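Coordinate analysis (summary)
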Amino acid sequence: MAGAIASRMSFSSLKRKQPKTFTVRIATMDAEMEFSCEVKWKGKDLFDLVCRTLGLRETWFFGLQYTIKDTVAWLKMDKKVLDHDVPTEEPKTFHFLAKFYPENAEEELVQEITQHLFFLQVKKQILDEKIFCPPEASVLLASYAVQAKYGDYDPNVHKRGFLAQEELLPKRVINLYQMTPEMWEERITAWYAEHRGRARDEAEMEYLKIAQDLEMYGVNYFAIRNKKGTELLLGVDALGLHIYDPDNRLTPKISFPWNEIRNISYSDKEFTIKPLDKKIDVFKFNSSKLRVNKLILQLCIGNHDLFMRRRKADSLEVQQMKAQAREEKARKQMERQCLAREKQMREEAERTRDELERRLMQLKEEATMANEALMRSEETADLLAEKAQITEEEAKLLAQKAAEAEQEMQRIKATAIRTEEEKRLMEQKVLEAEMLALKMAEESERRAKEADQLKQDLQEARESERRAKQKLLEITSKSSYTQSMNSSTTALPTDLPSYNLISESLSFDFKDTDMKRLSMEIEKEKVEYMEKSKHLQEQLNELKTEIEALKLKERETALDILHNENSSRGNSKHNTIKKVS
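Cut-offs and rules
Residues numbered from 1 in each chain as written. Predicted model: local features only at pLDDT ≥ 70, side-chain atom pairs only at ≥ 80, totals over all residues. Heavy atoms only, no water. Helix = DSSP H or I, 4+ residues; strand = E, 2+ residues; numbered from the N terminus. Buried < 20%, exposed > 50% of the residue type's maximum accessible area, 1.4 Å probe, protein only. Contact = heavy atoms within 4.5 Å. Areas by Shrake-Rupley, 256 points an atom, 1.4 Å probe, with all protein chains shown as cover. Core = buried A, V, L, I, M, F, W, Y, C linked by side-chain atoms within 4.5 Å. Salt bridge = Lys/Arg side-chain N within 4 Å of Asp/Glu carboxyl O. Axes fitted to C-alpha atoms, helices over the stretch in contact; angles between N-to-C directions. Parallel < 35°, antiparallel > 145°, perpendicular 65-115°, else oblique. Left-handed = near helix turned anticlockwise from the far one by under 90°. Nonpolar A, V, L, I, M, F, W, Y, C, P; charged D, E, K, R; others polar. Expected span 1.5 Å × (residues − 1). Pairing = 2+ DSSP bridges. Phe/Tyr/Trp six-rings, centres within 6.5 Å; stacked < 30°, edge-to-face > 60°. Lys NZ or Arg CZ within 6 Å of the ring centre and 35° of its normal. Patch = residues over 30% accessible without salt bridge, like charges linked within 9 Å, V, L, I, M, F, W, Y side chains within 5 Å. Lys, Arg positive; Asp, Glu negative; His and termini not counted. Charge placed at Lys NZ, Arg CZ, Asp CG, Glu CD.

Let's talk about the overall build of the protein
If you tally the helices and strands in the protein, you get 15 helices and 12 strands. In the protein, buried positions account for 37% of the 581 residues. Expressed as a percentage of contacts within the protein between residues at least 6 apart in sequence, the contacts between residues at least 24 apart total 66%. As presented, the protein carries roughly 35700 Å² of accessible surface, and 52% of it is formed by carbon and sulfur atoms.

Here's what the structure looks like:
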């Protein structure tokens, strides 16, 4: 009895010790995950679990976003997940997104997974028109997106219409021009073909390098009012705080760089920005909700911290990540070079094989033609020989008849003719016999000449037959040589080095000489990048001029007009911020 009670008590105590859990769904830009979380977990516990699952180390750019009463909010790291104002039903959904953006994507984004997540998020914002992108830049960005997805352009694989189901351009850009989907695809493919040799991570980084110069890239906008009640927009990004007109999100009226701000605070709905220069007036504004002010302050603190962090020496963790990234980049570059050489050798072997096959077919055709000519020559020779034999027999027969006529004439002459009439008749017969004999002789001579001519033709036909046989023998010897060459060449690709991830050839020692050489290559790449940038700008201007005639002016949005005005004045994102700071 006591044992049963004790067992029940131990079972109930084990049951009480099991932690309570709830289900969470995490949506990234390209996947969804579900986790079972303990009720005591804080935001950091869940965030760290997601980062470990993704293999992400550059965690400072990201956060877990959720929506509450039509307002965006971010999960706080030091607060329990269930203490946030999240819906009660399960699974509780959060979006794993970039919360803060880098100033220079190429220098700051180290991990490939970080670059990929930023690429997907920025691409979606451009397609959803949350970031304004001019038409010519949209086409260029689309070409890099295609390179990232499909790899190198191959006209045999990527045929007309292969982009028909892809969403690559903002609807605003498509509606702005009288252009068919085929025309857009043609222009995207023309640039896509120029990106040959770029790996997925390189194409995505090129996309981000272009996108980060767009005016609305990385800016979080909030509706505010100044002291006079004028409606304005506050923009928070990696460079500072910016004040915009509601109708112009491209060009700020005033900018406060992070290094020129002394203090940021809010009291209820009033937000205060104190510049570092005490001579400059304090800027105050009101937001619509207290929750919005909290969000603004979160973004300000995070962006300011990253701004200051960029201007200090990298931490040991970042230095290690960058060193690993450089080694990984060098290793991948060596792999790509090895694969490129192997591919080139295979292509050359295939070209040689195709050329030999073509030559073999040509020789076979020549052999067939020579064989046919030989058969025709043999048939002609046989016919001529038969005709010559018939002519010779006819000539013999005529000669025999002529001899018989001569004998008959002699016999008639020798016969005595008694009467004059018989004599006259005999003379007439003699004359006819002489004429017949003459004709027979002429015919015999003609037949003899014809027989000689036929013998000469037969001799020429046999000579032609001999030449045809000689040519066929030469072609046959060439064909056998070509077939042996073809068999040896066709075997070339199988002997070439194959790419194997487990192969020892992919183990590299990165010595100082390798790193120095890599540094020199990086410097060379910088020079090439400047030249490419100039070429790129020329291409963008060329495309803009080309499609300008197809533009429907009445469909231009306010942002299109503002962007064109800024472009005509030579204003860019960075020099505009410098002017209004």
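Brief notes about the nonpolar core
With 101 residues, the main nonpolar core has Ile 26, Leu 46, Phe 94, Phe 96 and Leu 241 as its most contacted residues. Dropping the residues within four chain positions of it, Ile 26 is found in contact with Ala 31, Glu 32, Met 33, Phe 35, Leu 46, Val 50, Leu 64, Phe 94 and Phe 96. Grouped together as the second largest cluster of nonpolar side chains are 6 residues, Leu 384, Ala 388, Leu 454 and Leu 458 included.

Things to note about the pattern of salt bridges
Any two side chains of opposite charge can pair, on the condition that their charged atoms come close. According to the stated counting rule, one finds 26 salt bridges in the structure shown. Between Arg 311 and Glu 103 there is a salt bridge, with the nearest N and O atoms lying 3.0 Å from each other. Here the residue Arg 311 occupies a position in the loop between helix H9 (290–310) and helix H10 (316–414), and Glu 103 occupies one in the loop between strand E5 (92–98) and helix H3 (105–108), the gap between them amounting to 208 residues. Through salt bridges that share partners, Glu 103, Glu 108, Arg 310 and Arg 311 make up one connected network.

Some remarks on the packing of helix H5 (residues 135–150) against helix H8 (residues 200–211)
The N-to-C vectors of H5 and H8 enclose an angle of 160°; their axes lie 8 Å apart at closest approach. The angle between the axes of H5 and H8 places the two elements in the roughly antiparallel class. Pair H5 / H8 crosses with left-handed handedness. In contact with Leu 140, Leu 141, Tyr 144, Ala 145, Gln 147 and Ala 148 of H5, H8 contributes Arg 200, Ala 203, Glu 204, Glu 206, Tyr 207, Ile 210 and Ala 211. Per-class residue counts for the contact of H5 with H8 are 9 nonpolar, 1 polar and 3 charged.

Concerning H8
Under the 1.5 Å per step criterion, the end-to-end length of H8 is 17 Å for 12 residues, consistent within 8% with the ideal 16 Å. Judged by how many residues are buried, H8 sits mostly within the fold: 10 of 12 residues are covered.

Notes on the sheet that holds strand E4 (residues 71–74)
Pairing within the open sheet is mixed, and its 5 strands lie in the order E2-E1-E5-E3-E4. At either end of the open sheet lies a strand with only one pairing partner, and these are strand E2 (32–38) and E4. Neighbour to neighbour, the strand axes of the sheet diverge by 35° on average, direction disregarded. Sheet topology places strand E3 (residues 62–68) next to E5; 4 bridges connect them, and they run antiparallel. Its bridge partner being in E5, Gly 63 is matched across the sheet by Leu 97. Strand contacts of helix H4 (residues 112–127): E3 and E5, with the helix running at about 105° to E5, the strand carrying the most contacts.

As for the packing of aromatic side chains
Per the stated rule, a full pass over the model turns up 18 aromatic pairs. Centre to centre, the rings of Phe 62 and Phe 96 are 5.2 Å apart; their planes meet at 10°, and the pair counts as stacked. Of this pair, Phe 62 sits in strand E3 while Phe 96 sits in strand E5; the two residues are 34 residues apart in sequence, bridging distant segments of the chain. Consider the rings of Tyr 101 and Phe 118, whose centres lie 5.7 Å apart with planes at 75°: the pair is edge-to-face. Placement of Tyr 101 in the loop between E5 and H3 and of Phe 118 in helix H4 is noted, with a sequence separation of 17 residues between them. Residue Phe 118 is classed as buried on the basis of its relative accessible area of 1%. An aromatic cluster is present here, built from Phe 47, Trp 60, Phe 61, Phe 62, Phe 96, Tyr 101, Phe 118 and Tyr 217 joined pairwise through their rings. Here Arg 309 stacks its cationic end above the ring of Trp 60, 4.1 Å away from the centre of that ring. Here Arg 311 stacks its cationic end above the ring of Phe 307, 3.6 Å away from the centre of that ring.

Remarks on the side chain of Glu 136
With respect to the helices and strands, the residue Glu 136 is situated in helix H5. Excluding residues within four positions of it along the chain, Glu 136 makes contact with Trp 191, Leu 540, Leu 543 and Lys 544.

Some thoughts on helix H7 (residues 181–192)
The end-to-end C-alpha distance of H7, which contains 12 residues, comes to 16 Å, matching closely the 16 Å that a straight helix rising 1.5 Å per residue would cover. Burial in H7 covers these residues: Trp 184, Glu 185, Arg 187, Ile 188, Thr 189, Trp 191 and Tyr 192.

With respect to the pairing of E3
A large share of E3 lies buried, amounting to 6 of its 7 residues. The antiparallel hairpin formed by E3 and E4 contains 2 residues in its connecting segment, where Lys 69 sits at a positive phi of about 50°.

Here we look at a positive patch on the surface
Residues Lys 69, Lys 76, Lys 79, Lys 289, Arg 291 and Lys 294 make up a contiguous surface patch of positive charge. Residue Lys 294 is classed as partly exposed on the basis of its relative accessible area of 38%.

Regarding unusual backbone geometry
Going from Glu 90 to Pro 91, the amide bond is cis rather than trans, its omega being -5°. When you line up the elements, Pro 91 lands in the loop between E4 and E5. At Glu 129, a position not held by glycine, the phi torsion is positive, near 65°. Take Glu 129: its relative accessible area is 37%, and that puts it in the partly exposed class.

Some words on the environment of Asp 154
Within the fold, Asp 154 resides in the loop between H5 and helix H6 (171–176). Exposure remark for Asp 154: the relative accessible area of 29% places this residue in the partly exposed category. Between the C-alpha atoms of Asp 154 and Ala 193, which are 39 residues apart in sequence, the distance is 8.1 Å.

Quick word on the packing of H4 against H8
The contact between H4 and H8 brings their axes to 9 Å, and the two run at 50°. With respect to H8, the element H4 is oriented oblique. In the packing of H4 onto H8, the handedness of the crossing is left-handed. The segment H4 lies against H8, with Glu 112, Gln 115, His 116, Phe 118, Phe 119, Val 122, Lys 123 and Ile 126 engaging Arg 200, Asp 201, Glu 204, Met 205, Tyr 207, Leu 208 and Ala 211. Tallied by class, the residues present in the contact of H4 with H8 amount to 8 nonpolar, 2 polar and 5 charged.

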